[in-house]
Amino acid sequence: MIFKKLKNFTSHYFAYLKTQVLLLREWCGGLLCLFTIRKQFENKKNVFLVEFNQWHTEVLPGYCKYFQDLGFNVFVLTRYKGYVDNPFCLFENPPARFYMNLSQMKRLFSSVDFKKIAYTLTTSERIYFQVDGKVSWTLVWDFIGCPPMGKYGCGVIAHGLDDSQHVYQPDNIRDWNFDQVLDKTFVLTPFQLNNKRQMPMLNPLYFGEVKRHRKNKQTLFVVVGTIAKNKRNFSEFLNICEKLTGDWELLVIGTVQEPSLFNSLPSKVKILGRLPFSSMYKVLAQADFFLPLLDPNEELHFRYKNDSTSGSRQLCLGFCVIPVIDRWFGEHYHFSEENALLHNAGELSVAMQRAIDMKDDEYQKMVDSLKQNAEQVYNESMNNLKSQMNFITTEQI
């Protein structure tokens with residue numbers, strides 16, 4: 001008993017020390033970045049992408065791509081963790097990157113003139129933090145004091161608008177009313193808010209150049225993301241995997257919050273855990289099929305159709321991995337029979353078996369269609385961005 005308590009204490013103590021070291025690195029490096037980044041606010045061809053949280057950094061390459069294609073110079077500001085993780089590892093023309101802690105970011109935003117640059121895109125609408133051991137949040141623009149308006153304005157990415165009337169309270173948005181805030185808001189999949197307002201899409205589907213491959217002889221499925229009931233129904237897969245025939249393998253990338261599910265895994269299923277972006281991208285570039293495992297009978301998953309977007313969508317589009325997805329969600333994400341294996345509720349095994357048995361020529365046709373789908377999503381997103389910026393070309397500047 002004493003040994004177990006000592007072991008637990010030691011484990012928690014070293015985890016605490018590790019956290020403190022990372023915070024110290026973020027603070028020290030952030031001071032230097034705070035000094036060096038200011039000169040980048042003197043050029044009207046500069047665009048800033050800012051992620052205040054320690055996650056969601058996987059969206060940064062896709063948003064960088066849009067602005068680079070428009071001819072802007074892109075600069076990225078994140079927390080230290082997002083900087084070290086480096087989601088730009090596949091990017092052929094990576095932007096200049098900086099990192100700071102939240103107090104340093106707030107200091108920067110209150111002391112620079114955003115009108116001297118072109119545009120600022122904050123890639124999350126909220127900032128999450130812990131207070132007395134509980135997770136809380138605040139609206140990004142409330143935290144920094146005002147919208148960072150550049151020559152072409154500013155934008156914010158909303159990852160979930162299910163409680164938008166609560167998120168965008170008049171007290172939070174200061175002198176901005178609800179509609180003015182939504183005018184600056186993009187979502188990852190277009191939808192109608194409260195059945196009245198069409199929210200424009202700006203989907204970050206680009207991660208870098210990915211080489212096309214033939215279908216693997218051993219069909220490779222992949223799951224990416226946290227394994228938890230509110231995010232994906234992994235139990236459904238475990239219940240049907242013994243029915244599958246042929247040569248296949250499933251790789252699971254992400255944190256497991258339900259370890260009891262994995263007490264007796266089939267040999268064909270491998271848990272890789274949370275991987276750095278470079279390793280995750282390598283697996284995705286080799287995968288044949290993607291399993292979002294969204295369940296239309298699970299109420300906790302309804303948000304992925306109503307007002308939020310599963311990250312699976314842009315990973316499938318960016319890496320051309322064919323999704324094996326429930327029809328209810330798949331059609332909402334604009335997948336079709338030509339570029340996805342859509343299945344009805346309870347028929348995951350049928351769709352997976354079709355994937356295993358699929359020949360390469362049929363597979364390549366689906367990849368072609370998925371690439372066309374990705375181009376359509378990119379073009380619609382780009383048009384939405386140009387419209388919001390009232391922008392045509394950097395030659396206007």
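Structural data are supplied above this passage.
Predicted model only: the values in this text are computed from it and were never measured. (Residues numbered from 1 in each chain as written. Predicted model: local features only at pLDDT ≥ 70, side-chain atom pairs only at ≥ 80, totals over all residues. Heavy atoms only, no water.)

Trainee: Describe unusual backbone geometry, and please don't skip the residues or the numbers.
Mentor: The phi dihedral of histidine 56 falls on the positive side, at around 70°, and the residue is not glycine. Along the chain, histidine 56 falls in the loop between strand E1 (46–50) and helix H2 (60–69). Even without a glycine there, the phi angle at asparagine 86 is positive, about 50°. One can find asparagine 86 in the loop between helix H3 (80–85) and strand E3 (96–99). (Helix = DSSP H or I, 4+ residues; strand = E, 2+ residues; numbered from the N terminus.)

Trainee: Please give an account of the packing of H2 against helix H15 (residues 360–389) that cites residues and values.
Mentor: Two elements in contact, H2 and H15, have axes separated by 11 Å at closest approach and are oriented at 65°. Here the hand of the crossing between H2 and H15 comes out right-handed. Side by side, H2 and H15 meet where Lys65, Tyr66, Phe67 and Asp69 of the first sit next to Val377, Tyr378, Ser381, Met382, Leu385 and Met389 of the second. Residues of the contact of H2 with H15, tallied by class, amount to 7 nonpolar, 1 polar and 2 charged. (Axes fitted to C-alpha atoms, helices over the stretch in contact; angles between N-to-C directions. Left-handed = near helix turned anticlockwise from the far one by under 90°. Contact = heavy atoms within 4.5 Å. Nonpolar A, V, L, I, M, F, W, Y, C, P; charged D, E, K, R; others polar.)

Trainee: Explain the sheet that holds strand E11 (residues 219–224) to me, and be specific about the residues and the numbers.
Mentor: As summarised here, the arrangement of the 6 strands in space is E13-E12-E11-E14-E15-E16, forming an open sheet in which the pairing is parallel. Of all strands in the sheet, those with a lone pairing partner are strand E13 (269–273) and strand E16 (341–343), marking the two edges. By the bridge criterion, 4 bridges tie strand E12 (residues 248–253) to E13 in an arrangement that is parallel. Paired with isoleucine 253 across the bridge in E13 is glycine 273. (Pairing = 2+ DSSP bridges.)

Trainee: Before we move on, could you go through H2 and cite the residues and values that matter?
Mentor: Within H2, 8 of the 10 residues are buried, leaving the element largely enclosed by the surrounding structure. Burial in H2 covers these residues: Leu60, Pro61, Gly62, Tyr63, Cys64, Lys65, Tyr66 and Phe67. Buried residues along H2 sit in contact with E1, strand E2 (73–78), strand E4 (119–122), strand E7 (154–157) and H15. Looking one or two residues past H2, glycine 71 carries a phi angle of roughly 95°, positive in sign. (Buried < 20%, exposed > 50% of the residue type's maximum accessible area, 1.4 Å probe, protein only.)

Trainee: Please set out the packing of aromatic side chains residue by residue, giving values where relevant.
Mentor: For the coordinates displayed, the defined rule picks out 26 aromatic pairs. Their ring planes at 80° and their centres at 5.7 Å tell us that phenylalanine 91 and tyrosine 206 sit as a pair that is edge-to-face. On the criterion of sequence distance, the pair formed by phenylalanine 91 in the loop between H3 and E3 and tyrosine 206 in the loop between strand E10 (197–199) and E11 is long-range, its members being 115 residues apart. Accessibility assignment for this pair places phenylalanine 91 and tyrosine 206 in one class, buried. Three or more aromatic residues joined by ring pairs make a cluster, and in this case those are Phe41, Phe48, Phe52, Phe75, Phe109, Phe114 and Phe143. The aromatic ring of tyrosine 83 is capped on one face by arginine 97, whose charged end is 4.4 Å from the ring centroid. Taking NZ or CZ as reference, lysine 106 lies 5.1 Å from the ring centre of phenylalanine 143, over its face. (Phe/Tyr/Trp six-rings, centres within 6.5 Å; stacked < 30°, edge-to-face > 60°. Lys NZ or Arg CZ within 6 Å of the ring centre and 35° of its normal.)

Trainee: Account for the pattern of salt bridges, naming residues and giving values.
Mentor: Under the defined criterion, the tally for this structure stands at 13 salt bridges. With a closest N to O distance of 2.3 Å, aspartate 183 and arginine 197 form a salt bridge. One end of the pair, aspartate 183, is in the loop between helix H8 (178–182) and strand E8 (185–186); the other, arginine 197, is in strand E10, and 14 residues separate them in sequence. A salt bridge links glutamate 249 to lysine 270; the nearest nitrogen and oxygen atoms lie 2.8 Å apart. One end of the pair, glutamate 249, is in strand E12; the other, lysine 270, is in strand E13, with 21 residues separating them in the sequence. Residue classification places lysine 270 among the partly exposed positions, given a relative accessible area of 39%. Here the salt bridges do not stand alone but share partners, grouping Lys81, Asp85 and Arg274 into one network. (Salt bridge = Lys/Arg side-chain N within 4 Å of Asp/Glu carboxyl O.)

In short, geometric facts, not functional conclusions.
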